Number of protein chains: 4
Amino acid sequence: MVKVGIIGATGYAGGELVRLLLQHKDAQIVWYGSRSYIDEKYANVYRNFFELVEESCLDDNLEELAKQVDVIFTATPQGYLASHLTEEILSQVKVIDLSADYRIKDVNIYEKWYGIEHKSPNFIPEAVYGLCELNRDKTNDKVRLVANPGCYTTCSILTTIPMVANHVIDPNSLIIDAKSGTSGAGRGAKVVNLFCEVNESMKAYGVATHRHTPEIEEQLGYTYGDDVVISFTPHLAPMNRGILVTAYANLEKVQYPDGHMDYPTEDMLFDIYHKAYDDEYFVRVLDKGMTPETKWVEGSNFVDVCLKVDERTHRVIMMGALDNLVKGAAGQAVQNMNLLFGLKETEGLELVPMFP
Amino acid sequence: MVKVGIIGATGYAGGELVRLLLQHKDAQIVWYGSRSYIDEKYANVYRNFFELVEESCLDDNLEELAKQVDVIFTATPQGYLASHLTEEILSQVKVIDLSADYRIKDVNIYEKWYGIEHKSPNFIPEAVYGLCELNRDKTNDKVRLVANPGCYTTCSILTTIPMVANHVIDPNSLIIDAKSGTSGAGRGAKVVNLFCEVNESMKAYGVATHRHTPEIEEQLGYTYGDDVVISFTPHLAPMNRGILVTAYANLEKVQYPDGHMDYPTEDMLFDIYHKAYDDEYFVRVLDKGMTPETKWVEGSNFVDVCLKVDERTHRVIMMGALDNLVKGAAGQAVQNMNLLFGLKETEGLELVPMFP
Amino acid sequence: MVKVGIIGATGYAGGELVRLLLQHKDAQIVWYGSRSYIDEKYANVYRNFFELVEESCLDDNLEELAKQVDVIFTATPQGYLASHLTEEILSQVKVIDLSADYRIKDVNIYEKWYGIEHKSPNFIPEAVYGLCELNRDKTNDKVRLVANPGCYTTCSILTTIPMVANHVIDPNSLIIDAKSGTSGAGRGAKVVNLFCEVNESMKAYGVATHRHTPEIEEQLGYTYGDDVVISFTPHLAPMNRGILVTAYANLEKVQYPDGHMDYPTEDMLFDIYHKAYDDEYFVRVLDKGMTPETKWVEGSNFVDVCLKVDERTHRVIMMGALDNLVKGAAGQAVQNMNLLFGLKETEGLELVPMFP
Amino acid sequence: MVKVGIIGATGYAGGELVRLLLQHKDAQIVWYGSRSYIDEKYANVYRNFFELVEESCLDDNLEELAKQVDVIFTATPQGYLASHLTEEILSQVKVIDLSADYRIKDVNIYEKWYGIEHKSPNFIPEAVYGLCELNRDKTNDKVRLVANPGCYTTCSILTTIPMVANHVIDPNSLIIDAKSGTSGAGRGAKVVNLFCEVNESMKAYGVATHRHTPEIEEQLGYTYGDDVVISFTPHLAPMNRGILVTAYANLEKVQYPDGHMDYPTEDMLFDIYHKAYDDEYFVRVLDKGMTPETKWVEGSNFVDVCLKVDERTHRVIMMGALDNLVKGAAGQAVQNMNLLFGLKETEGLELVPMFP
């Protein structure tokens, strides 16, 4: 039984971690950390856990926690973990960080996009970027620190990376237009996230400046073998959960069996998707002509992807959908925990999406 | 392993049955019946099951099905099962009916409220009314036919019946004002259920004529020991799932320990709730001052109940919330299946509500 | 041209006042008061007014305002106006108060339900309760202070009062179950009103304690000729606008032309509705068998009412719907302004509801 | 007083025409045409018009209608008007067509994208493409036939055309990612548009094949002076109204005053927007740093546009928002009517957006 502590248990991602871990047969939560709700009954903060969780919230004492648990999930604001993580902690416990603190290898890029100083860049090199489908092999029991990817990032990368890896698109032509449910904005009490402000409305935000951009670029760059610069635009949609990514890229001509160069066909691109994902439980390649919908993955750890070639423009439109709180946050974090502790990768995550 | 057939698998309740049974370790679906989608891949109808269900839809041949499975769930329109059920079928297989066909013992009442002739009243006497918290003792392996209760009914009864049973309210003063998510209206293509018609709107419907009324009255009447006549008004709310019941009743004076008669206190009513439900896994009695919210039970088989005494009017306001597709339909049906086959009653149903 | 000042212009009711007054040919807003947004461009707070309102927000200096305008609308928290109103102000300007400060004639009841001391009870007697359909005759150019009714109150009273007035129901049996859109909760940044908390959920709140209760009781009592005590339960619904009232009452037997006493028929009750409202532009009595829906009045000053007699229980179910920000707040305030200044009562308010 | 007939009055665009025209002081609706609802009271189909419209629905007899009215609005399926329009009709009455039948000048392109034969291509040349901001000068009392633009089209063109016209972007790099409320899908009873299917979901549809694509390309091409081929992807969003366009294009280098060539700055692009739109009542150029939101234009004829230069990618992201039923359909049609009849262009359309 893996003993688990959560810091930031009263945010939406924290709450989802609790939901998933309560249904995980090999994990047990022993610490519900939440600075703002210390001593308050956790099930009073999230009443879905009424009678399911009797514990009250504790503080965020990482040192103490390190002694009591096998793994700490930090679902905390940017900069928190970077400011508090120590060698002593990491020598006692594994940490899966749902914030961005250790996702980006180049600390200058982190500091530029996040506008804060990184307080513990020394831990960046050892952190594994926990997009399990990419880094499964590196995510084992020797790892002490996992940087759990962002929600937009996970969806954007899984939707596009097979095409980047196979050089059938020009990655620098990549334009990612993403739409997110409002839980991605967190549980902070802000006017812009009130029901009446979000309902019946759509808007872009963080245009050309959203912090998930460099994270996507870094991962695509590794695969491509060179720097990648993309356009990424997030949008807020009037729904609780879900991220939908629509990604556009110029096709690159490829060599056909008979030697001539031409744009790849839609079938060829589907072959690439299938080669990449047919063995992946959590990535579902939809059939030709389908389009991913956020509703079809809600509550689950699945990512649905599909694509369409536009022969008029020689572009491919790649689409992906996931639940931002599951595969985009807590689900992926549990998937990483499973890998770190040698459990079945899908343990506790074989959730069937809920519809409607 | 219980072999399961579903008739009406492509309705919302049918889809929810599939979601629950796929996560049930002792059940296996072998027949996805849907007259409208015969030969169509089931996962094309409900794409949340993409890669999880490979089967295609079959017809609704009950005779054939009876030979292949251990239990049939019928999530079909009123009158369907009554028209097709035979002794031969029942001699081979158990049937859990999610329609209203066998819920009401007095066939005249059924025919009056539903406006159709009942074609097999002979099976009514043996049917167990499958509100498990009331009829657990009668729901065993000898039972062939279970009448799974309605969604409004389950919520209304569980919210009010301890007070009726203890004679602390006048059941004939009961006014039940219920609010339901739109999945309760089914998946039929009707203008009134289009997104643009439902969104941003609330309305009552079926005022003074809704068919769940006599079902509630019958069950309350058994407990009360006399006929009960209530007011019941359903409302359509702009949400997918959830039923919220707000029930009003006049308090009856009770005898206090010192012999004097007076209205019961709120604490006394909470004691009644707790006595009734503390051993029930699926009924959660909230704390004083809380009010049930549909979101806190979404996706789960829980019913949350609470109450408030209004000393100005000598009335009690009882409130209950459940997920109409789970405890109000498919979840309760699986709970009944567990009872019929001697499985743990909560098997496959210990789902944690999803929030947000 | 009536010169208008608004205090509390950046709340939802304040914003709606602006929307209505910009389209009113005889009114001109000269003061957008908002303590929290002083010097901020009003159209930056509510961007629907971009290029339509160039003014910036001012403070809430009532004395100064009284010199500059003909009428002040106060859309402010409870107690604000009571603390700031003076004889000097009222001698210079008319005040239409959208808060509850002067709605209730008995200051003890006000102080008990609102839990605050009333700082200027001396003005209560002269305040006209501005439910125009009831008090039109008293709302003229001599009036200095109008207490604009609450949103729940307006809907509850207009839906039920003809029946109370005609003694065809027992007013003390009245149970009002009301459902409101979330704009009624205001624009304050609170977790409970975040999109993700409200969406896909319904709940009751303020059970047996909501402050609109005594306001309804007082007005019904005047009509009935005796004290009235009712049950009132508000609910929060996942929509922006709209209040739906479902009101239940026991029918009283009435004398028929031939002298015998019996319950009134549905037709008789419709006659009462029509007699009360056929000359009222803003109250629409729907046809038998219809039920009001909040969507059908959205954006307008209409109240739709209808009823249904339940012969099984000898109760009548009365239903009403309005837009809480229009007839429930800003629209009614403008209607009062029209009356105070001798304008056509419907001026600026003949808005056609928007659907969908 | 302009006498108006509407064919297709019971669709959402038809209903919106009625809402707008009822509030238009120079227009009077004399014919509510709707084949599906003949003889049914119009206000029973759209109950927002209860007591406001007493007429019943009539058939779609264009010949008869031509004799009775000054202008016919056709809010009908593709191909309907092309099949029924005659010289005799056009000689008696003006027609404003909300369908696509006369929008595209090249009939082959129409037939290819719509998959139907055009039955009256002879009228295409005289039809004015009624995007008033572009073709105001051509839209006068001599015009007999106006092709009212599509909703996506209006938003896409107004958002991007100043940049295309000024050759500061490469129009063939243009990628338009559009999000629409569900009213754009019409009032047909289809499962995919049910509340439960749309709510809590987002999806792309018509990827690379949507019929508004050639319409956008044609209009941009006129301005650009050459053929333009773009990518256009519509998405369905869980809201009633609103279209949000996010458009991406590669910047073209321009000559600076000192003669050197470089990418234009954000300020230069804002200047272009302002030059194009400062005199346009219905197009609002937001301030730098703002992003359009559909909610801020809901119920009005406004289009809000804004842009952001991404210096990392040398792209500009242009954004626009409108209400698909107003500026995207009925509002623009009324704007065209005003132009055709020499009325003030904004007559009946100075609606203030409704928030929240």
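Residues numbered from 1 in each chain as written. Chains lettered and ligands numbered in written order. Predicted model: local features only at pLDDT ≥ 70, side-chain atom pairs only at ≥ 80, totals over all residues.

1. Describing the relation of the copies chain B and chain A
Counted only if it meets this: Only residues with pLDDT of at least 70 in both copies contribute their C-alpha atoms to the least-squares superposition of the copies. Note that contacts rest on C-beta atoms placed from the backbone: two residues are in contact if these are within 7 Å.
Note on the identical chains: chain B maps onto chain A by a rotation of 180° and an axial translation of 0.0 Å, with an RMSD of 0.0 Å. What we have between these two chains is a two-fold relation. A shared binding surface is used by both copies, with 100% of the interface residues of chain B retained as interface residues in chain A.

2. A few points about the interface of chain A and chain D
Formally: Numbering of helices and strands runs from the N terminus; a helix is a DSSP stretch of H or I covering at least four residues, while a strand is a stretch of E covering at least two. Note on residue categories: nonpolar means Ala, Val, Leu, Ile, Met, Phe, Trp, Tyr, Cys or Pro, charged means Asp, Glu, Lys or Arg, and polar means any other residue, Gly included.
Taken together, the contact pairs 38 residues of chain A with 38 residues of chain D. Put simply, the parts of the chain that give the side of chain A that touches chain D at least two residues each are β7 (175-180), α9 (195-198), β8 (203-204), β9 (231-236), β10 (243-250), β14 (303-310) and β15 (315-322) of chain A. The residue inventory of the side of chain A that touches chain D, partitioned by class, reads 17 nonpolar, nine polar and twelve charged.

3. Some details on the relation of the copies chain A and chain D
Superposition of the two copies of the chain requires a rotation about an axis and a shift along the axis. Superposing chain A onto chain D takes a rotation of 180° plus a shift of 0.0 Å along the axis, which leaves an RMSD of 0.0 Å. Both copies contact each other with a shared surface, as 100% of the interface residues of chain A are interface residues in chain D too.

4. Side note on the interface of chain B and chain A
If you look at the interface, chain B gives 22 residues, while chain A gives 22 residues. Tallying contributions element by element places helix α1 (residues 12-22) of chain B first for the side of chain B that touches chain A, with four residues. In terms of residue class, the side of chain B that touches chain A is made up of twelve nonpolar, six polar and four charged.

5. Focus: the sheet that holds strand β6 (residues 145-147) of chain A
Residue and element names in this part refer to chain A. Let me state the cut-off plainly: Whether two strands pair depends on DSSP finding at least two bridges between them. In this description, a line fitted to the C-alpha atoms serves as the axis of each element, helices being fitted only across the stretch in contact, and the angle between N-to-C directions of two axes falls anywhere from 0 to 180 degrees.
An order of β2-β1-β3-β4-β6-β5 is seen for the six strands of this open sheet, with the pairing classed as parallel. Both outer strands of the open sheet, β2 (27-33) and β5 (128-129), are each paired with one neighbouring strand and no more. Packed onto the sheet, helix α12 (residues 326-340) meets β1 (2-7), β3 (71-74), β4 (94-97) and β6 and runs at close to 155° relative to β4.

6. Points about the nonpolar core
Definition in use: Put simply, a nonpolar core is buried Ala, Val, Leu, Ile, Met, Phe, Trp, Tyr and Cys residues tied into one set by C-beta atoms within 7 Å. Partly exposed residues are those falling between the two cut-offs: more than 12 but fewer than 20 other C-beta atoms within 10 Å of their own, whereas 20 or more means buried and 12 or fewer means exposed, with C-beta atoms placed from the backbone.
Membership of the largest hydrophobic core comes to 461 residues, with the highest contact counts inside it found for I6 of chain A together with I6 of chain B. Here I6 of chain A is in contact with G14, L17, V18, I29, W31, Y32, G33, F73 and A75 of chain A, once residues within four sequence places are set aside.

7. A closer look at the sheet that holds strand β14 (residues 303-310) of chain D
Residues and elements named next belong to chain D. Judged by pairing direction, the sheet is mixed, and its seven strands sit side by side in the order β8-β9-β7-β10-β15-β14-β13 without closing on themselves. Both outer strands of the open sheet, β8 (203-204) and β13 (283-285), are each paired with one neighbouring strand and no more. Strand direction decides the pairing type here: β13 and β14, joined by three bridges, are parallel. From the neighbouring strand, R284 faces β14, where its bridge partner is D304. Each of β13, β14 and β15 (315-322) is contacted by helix α11 (residues 266-277), which is oriented at about 160° to β14, the strand it contacts most.

8. Observations concerning unusual backbone geometry
Of note, the bond from F355 of chain A into P356 of chain A is cis; its omega dihedral lies within 30 degrees of zero at -5°. If you trace the backbone, P356 of chain A turns up in the segment after α12. With a phi angle near 75°, D39 of chain C is a residue other than glycine that sits in the positive phi range. Among the secondary structure elements, D39 of chain C is positioned in the loop between β2 (27-33) and α2 (42-45). Residue class for D39 of chain C comes out exposed when judged on the 8 C-beta atoms lying within 10 Å of it. At E51 of chain C, a residue that is not glycine, the phi angle is positive and equals roughly 70°. Structurally, the position occupied by E51 of chain C is in the loop between α2 and α3 (62-68).

9. So, the pairing of strand β10 (residues 243-250) of chain D
All names here are of chain D. Counted residue by residue, β10 has seven buried out of eight residues, so it is predominantly covered. Here six bridges tie strand β7 (residues 175-180) to β10, and the two strands are oriented antiparallel to one another. In the sheet register, I175 faces β10, and the bridge partner there is Y248. Direction of pairing for β10 relative to β15: antiparallel, over a ladder of eight bridges. What sits directly across from Y248, in β15, is I317.

10. A closer look at helix α10 (residues 212-224) of chain C
Turn by turn, an α-helix covers 3.6 residues, leaving residues three or four places apart pointing in a common direction. Here is the rule we go by: Helices are assigned an expected span. That span is 1.5 Å times one less than the residue count.
Helix length check: α10 of chain C, at 13 residues, gives a terminal C-alpha distance of 18 Å against a target of 18 Å (1.5 Å per residue), a fit within 8%. Close packing links the buried residues of α10 of chain C with α6 (107-114), β5 (128-129), α7 (132-135), α8 (151-165) and β9 (231-236) of chain C.

11. As for the environment of V71 of chain B
Residue and element names in this part refer to chain B. Structurally, the position occupied by V71 is in strand β3 (residues 71-74). With 31 residues separating them in the primary sequence, V71 and E40 have C-alpha atoms 23 Å apart. Setting aside chain neighbours within four positions, we find V71 in contact with V2, V4, V93, K94, I96, M337 and L340.

12. As for helix α1 (residues 12-22) of chain A
With ten of eleven residues buried, α1 of chain A is to be regarded as a mostly interior element. Residues of α1 of chain A that are buried: Y12, A13, G14, G15, E16, L17, V18, R19, L20 and L21 of chain A.

13. Comments concerning the packing of helix α8 (residues 151-165) of chain B against helix α12 (residues 326-340) of chain B
Residues and elements named next belong to chain B. Selection criterion: Working definition: roughly parallel below 35 degrees, roughly antiparallel above 145 degrees, roughly perpendicular at 65 to 115 degrees, and oblique for all remaining angles.
Where α8 meets α12, the closest approach of the two axes is 8 Å, and the angle between their N-to-C directions is 100°. Taken together, the axis directions place α8 and α12 in an arrangement best described as roughly perpendicular. Touching C151, T154 and C155 of α8 are K327, G328, A329 and Q332, all from α12. A breakdown of the residues in the contact of α8 with α12 according to their chemical character gives three nonpolar, three polar and one charged.

14. What to know about the domain arrangement of chain A
Residue and element names in this part refer to chain A. Our working definition: Here the bounds of each domain stem from an automatic or database domain assignment.
Taken domain by domain, chain A consists of domain 1 (2-126) and domain 2 (152-324). If you look at the interface, domain 1 gives nine residues, while domain 2 gives seven residues. The leading source of residues in the side of domain 1 that touches domain 2 is helix α6 (residues 107-114), at three residues. Across the side of domain 1 that touches domain 2, the residue classes tally to six nonpolar, one polar and two charged.

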